[in-house]
Amino acid sequence: MTLTEPTTTPAATPAPTALVGGPALPQERRLVTAIPGPRSQELIARKSAAVAAGVGHTLPISVVAAGDGVVVDADGNSLIDLGSGIAVTGVGNSNPRVVAAVAAQLEAFTHTCFTIAPYEGYVAVAEKLNALTPGDHVKRSALFNSGAEAVENAIKIARNFTKKQAVVAFDHAYHGRTNLTMGLTAKNIPYKSGFGPFAPEIYRAPLSYPFRDGGLSGAEAAARAITQIEKQVGAENLAAIIIEPIQGEGGFIVPAQGFLPALAAWARDNDVVFIADEVQTGFARTGAWFASEHEGIVPDLVVTAKGIAGGLPLSAVTGRAEIMDSSMAGGLGGTYGGNPLATAAALATIEAYEEDGLVERAKQIGALLLGRLNALRTADPRIGDVRGRGAMVAIELVDPETGAPDAALTSKIAAYAHANGVILLTCGTYGNVIRFLPPLTISDELLVEGVGVVAEALRGAH
Ligand SMILES: *Cc1c(COP(=O)(O)O)cnc(C)c1O
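Residues numbered from 1 in each chain as written. Predicted model: local features only at pLDDT ≥ 70, side-chain atom pairs only at ≥ 80, totals over all residues. Heavy atoms only, no water.

The protein chain has the name (S)-3-amino-2-methylpropionate transaminase in an unreviewed UniProt entry, where Agromyces protaetiae is given as its organism. Turning to the protein chain, the UniProt annotation filed under Pathway (unreviewed entry) states: "Amino-acid degradation; 4-aminobutanoate degradation." Comment text from UniProt for the protein chain, heading Cofactor (unreviewed entry), reads "pyridoxal 5'-phosphate". (UniProt positions renumbered as here; feature names shortened; annotations may be inferred.)

**Overview of the pattern of salt bridges**
Tallied over the full model, the rule gives 15 salt bridges. Among the salt bridges present, the one from Glu351 reaches Arg97, with a minimum N-O distance of 2.9 Å. In this pair, Glu351 sits in helix α10 (residues 340-355) while Arg97 sits in helix α3 (residues 96-108), placing the two residues 254 residues apart along the sequence. When its relative accessible area of 37% is taken as the criterion, Glu351 is described as partly exposed. One network of salt bridges, in which partners are shared, links Arg212, Asp385, Arg387 and Glu396. (Salt bridge = Lys/Arg side-chain N within 4 Å of Asp/Glu carboxyl O. Helix = DSSP H or I, 4+ residues; strand = E, 2+ residues; numbered from the N terminus. Buried < 20%, exposed > 50% of the residue type's maximum accessible area, 1.4 Å probe, protein only.)

**Observations concerning the domain arrangement of the protein chain**
Structurally, the protein chain comprises domain 1 (22-81 + 357-460) and domain 2 (97-355). For domain 1 and domain 2, the distance between their C-alpha centroids amounts to 26 Å. If you look at the interface, domain 1 gives 33 residues, while domain 2 gives 27 residues. When domain 1 packs against domain 2, close to 2300 Å² is buried across both sides, 59% of that on carbon and sulfur atoms. Inspection of the region where domain 1 meets domain 2 yields 2 salt bridges. (Domains from an automatic or database assignment. Contact = heavy atoms within 4.5 Å. Buried area = accessible area lost by both parts, 1.4 Å probe.)

**Regarding the site of the ligand**
The full set of residues close to the ligand is Ser146, Gly147, Ala148, Tyr174, His175, Gly176, Glu244, Asp277, Val279, Gln280 and Lys306. Here an oxygen atom of the ligand and a backbone polar atom of Gly147 are 2.7 Å apart. A total of 380 Å² of accessible area belongs to the ligand in isolation, and the protein chains cover 83% of it. Partitioned by chemical class, the residues of the shell around the ligand number 3 nonpolar, 5 polar and 3 charged. (Near = heavy atom within 4 Å. Polar contact = N/O pair within 3.5 Å; in protein donor to acceptor, adjacent residues only side chain to side chain. Areas by Shrake-Rupley, 256 points an atom, 1.4 Å probe, with all protein chains shown as cover. Nonpolar A, V, L, I, M, F, W, Y, C, P; charged D, E, K, R; others polar.)

**Some words on the sheet that holds strand β9 (residues 238-243)**
Reading across from one edge, β6-β12-β11-β10-β9-β7-β8 is the order of the 7 strands in this open sheet, with mixed pairing throughout. The open sheet has two edge strands with one neighbour each: β6 (139-144) and β8 (202-205). In this sheet, neighbouring strand axes are inclined to one another by 20° on average, regardless of whether the strands run parallel or antiparallel. Examined bridge by bridge, strand β7 (residues 166-170) and β9 share 3 bridges and lie parallel to one another. (Pairing = 2+ DSSP bridges. Axes fitted to C-alpha atoms, helices over the stretch in contact; angles between N-to-C directions.)

**A short note on unusual backbone geometry**
Following Ile35, the chain continues to Pro36 via a peptide bond in cis, the omega torsion being 5°. For Pro36, the position within the fold is in the loop between β2 (30-31) and α1 (38-50). In this model, Gly196 is joined to Pro197 through a cis peptide bond whose omega is 5°. Secondary-structure assignment places Pro197 in the loop between α6 (179-184) and β8. Its identity is not glycine, yet Phe252 carries a phi of approximately 50°, on the positive side.

**Quick notes on the packing of aromatic side chains**
Using the criterion set out here, one finds 9 aromatic pairs in the structure. The interplanar angle of 80° and the centroid separation of 6.1 Å between the aromatic rings of Phe170 and Phe259 together place this pair among those described as edge-to-face. Within this pair, whereas Phe170 is found in strand β7, its partner Phe259 is found in helix α8 (residues 259-269), the two being separated by 89 residues in sequence. Phe259 shares its class with Phe170; the two are buried. (Phe/Tyr/Trp six-rings, centres within 6.5 Å; stacked < 30°, edge-to-face > 60°.)

**Here we look at the nonpolar core**
Core analysis: the biggest nonpolar cluster contains 89 residues, and Ile275, Leu301, Leu373, Ile413, Leu424 and Phe436 have the highest contact counts within it. In contact with Leu373, other than residues within four places in its own chain, are Val386, Val393, Ile395, Phe436 and Val451. Formed by 26 residues, the second largest nonpolar core is a distinct cluster that contains Leu207, Ile226, Val272 and Ile297. (Core = buried A, V, L, I, M, F, W, Y, C linked by side-chain atoms within 4.5 Å.)

**Some remarks on α1**
Across its 13 residues, α1 extends 18 Å between first and last C-alpha, which sits within 8% of the 18 Å expected from 1.5 Å per residue. Taken as a whole, α1 has its buried residues at Pro38, Ser40 and Ile44. Here the buried residues of α1 occupy an arc of 155° about the axis, which is enough to place them on one side. Residues of α1 that are exposed and angled more than 90 degrees away from the buried face: Glu42, Arg46, Ala49 and Ala50. (Expected span 1.5 Å × (residues − 1). Arc of directions from axis to C-beta.)

**Overview of the sheet that holds strand β16 (residues 425-427)**
Reading across the sheet, the 4 strands line up as β13-β14-β17-β16 and stay open at both edges, with antiparallel pairing between neighbours. Two strands bound the open sheet, and with one partner strand each, they are β13 (383-389) and β16. Within the sheet, the average angular offset between the axes of one strand and its neighbour, ignoring direction, is 25°. Taken together, the 6 bridges between β13 and strand β14 (residues 392-397) define a ladder with antiparallel strand orientation. Residue pairing in the sheet places Gly388 in a bridge with Val393 of β14. Seen against the sheet, helix α11 (residues 358-379) touches β13, β14 and β17 (433-436) and runs at an angle of roughly 170° to β13.

**Describing the packing of α3 against α10**
Taken N-terminus to C-terminus, the directions of α3 and α10 make an angle of 155°; their axes are 8 Å apart at the nearest point. The angle between α3 and α10 places the two elements in the roughly antiparallel class. The interaxial crossing formed by α3 with α10 has right-handed handedness. Residues Arg97, Val98, Ala101, Val102, Gln105 and Leu106 of α3 form the contact with α10, whose own contacting residues are Pro340, Leu341, Ala344, Ala345, Ala348, Thr349, Glu351, Ala352 and Glu355. Residues of the contact of α3 with α10, tallied by class, amount to 10 nonpolar, 2 polar and 3 charged. (Parallel < 35°, antiparallel > 145°, perpendicular 65-115°, else oblique. Left-handed = near helix turned anticlockwise from the far one by under 90°.)

**A few points about helix α12 (residues 407-419)**
Between its first and last C-alpha atoms α12 spans 18 Å; for 13 residues at 1.5 Å apiece the expected length is 18 Å, and the two agree. When α12 is considered as a whole, its buried residues turn out to be Leu409, Thr410, Ile413, Ala414, Ala417 and His418. Taken together, the buried residues of α12 touch β14, β15 (422-423), β16, β17 and α13 (444-460). The N-cap residue of α12 is Asp406: its side-chain oxygen and the backbone nitrogen of Ala408 are 3.4 Å apart. Positive backbone phi, at 80°, marks Gly421, one or two positions downstream of α12.

Okay, structure coming up:
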C-alpha cells in the first residue's frame, strides 16, 4: 500500500479527484488522512443532523467512487473492499457492462410500471432466473425491489398455494426488517426490539450449527428440527419452511452435510413449500450460481436479491410454475418491482458472471481465504472456527479456554481494519464473527493484503 503521513488538517487534504469508479480506479490501499478524514467527518456530521439515528453506518466515511477491490472516500483514501456492500457488488462497483446497459436504458425509458405496460427486460430477467436456479422443472419468476419484499412475497405465494398458514424459520435466521420478515429474523437487537407486534404463525426450529451443536450430524440435526416442527406446528398447518442454505447475518453458518437435503425431502413428502432464501448466497457468491447446488437440493421457491443487479435494487421469487401461477392476477407486484433500469443492470450483471468466469473466481477466492485463515487459526486459538464456501467465508472468535463468543475482540479487529483502510464486516447472533465477502473482481493482491491487516489486528489485540 501507499502510506503517506496521516493528516487531519483540511488544507492538506487533496480534493477528490477521479469521480469515475469501476475498474479504472487504482487497485490499491492508500491512506492519505486518518479515517475519517475531514471531508468524511463533515458528511457524518450532516448525516447525524439529517438522517434518522436508526439508519447506522459501519464506517464513518463519505464515498465518492468505487470499483473492483476498492472504495475511495472524499479525502482521497482508498479502502480495500471486503464487504461488497453486503454481497451486492459481486461483479464490482460500476461494472462497465452494467454502466453501459443502464445508461442505454436511461436514454430509452425509465419506468412504465410493468403491471401497467410490460417491457422485455423484465421478461428476460425472469427467463434467466428460471434457467439458472436449481432444478429443470417448469418455473416462473416475479420481480420486486428488496430482499425483504421478495421474502414476503414468497411466503404470500406459499400460503395461498397450500391454503395453510404456518411458516417455519430457523435459529440465527435473517430474512429482513419489514414486519413479516422481522418476525422471521431471529436476532432481537438491533432488528426487532421494540418494533413488534410481529406477524402471527411464525415458528422457529433449531439449525445445524456444526461449531456449536456438539457435533450433531446433518441427519441428526434435521431429525431434531423435524421432530420439533411436527410436535409444535404440524405439517397439516405448515405452508412453508424458509431457510438460508448458508446463513448470512446469523454468522455464515454452513449446516452439516445432509441437513438441507433431509429438510427438503421432509417438506416434499408433507406438502410444505421449501423456500431457499438465497438473497446473500445467490449469484456466484459461494462458488456456484446458488448455494443450494452444493448439496443438490432443488427448492420449490428461491428468493434472490443482493448480487442480482450489480448494485441496483432488484429482487425476485423464482419457483415451480404451479406454485407461482396460483396467485390471481394483480395479487403480486408493486409500482417499481422489476424497474427497467434494474432489469437492464441484472441482465448485464448475469452476463458478467457468465462471461467473466466469476463462479470459478469465487471458488479461487474461497481457496485463498480458507487457506490463509486456517493458517492463522493454527497459530491463534482465539479463532475457533473458519468456515464458508467460495467468496463467503468467516472466522468465529472465541475465548480459547471456554469457547465462549468473543464479541469484544471481534469489534477490536473490525475497528483496527477500518482505521487501516479495510472495509470489514462482522455478523453472528453473538457478534463474534468476521465475514469476508469481497467483490469477485478483487485482485489476489488486495485480498491477501486485506487478510494481512486482519492478521495484524489479531496480533495487536489482547
Ligand atoms: C439481506 C438479506 C435479506 C433482506 O434483503 P434486503 O434487500 O435488505 O431487504 C433477506 N435475506 C437474506 C438472507 C439477506 O442476507
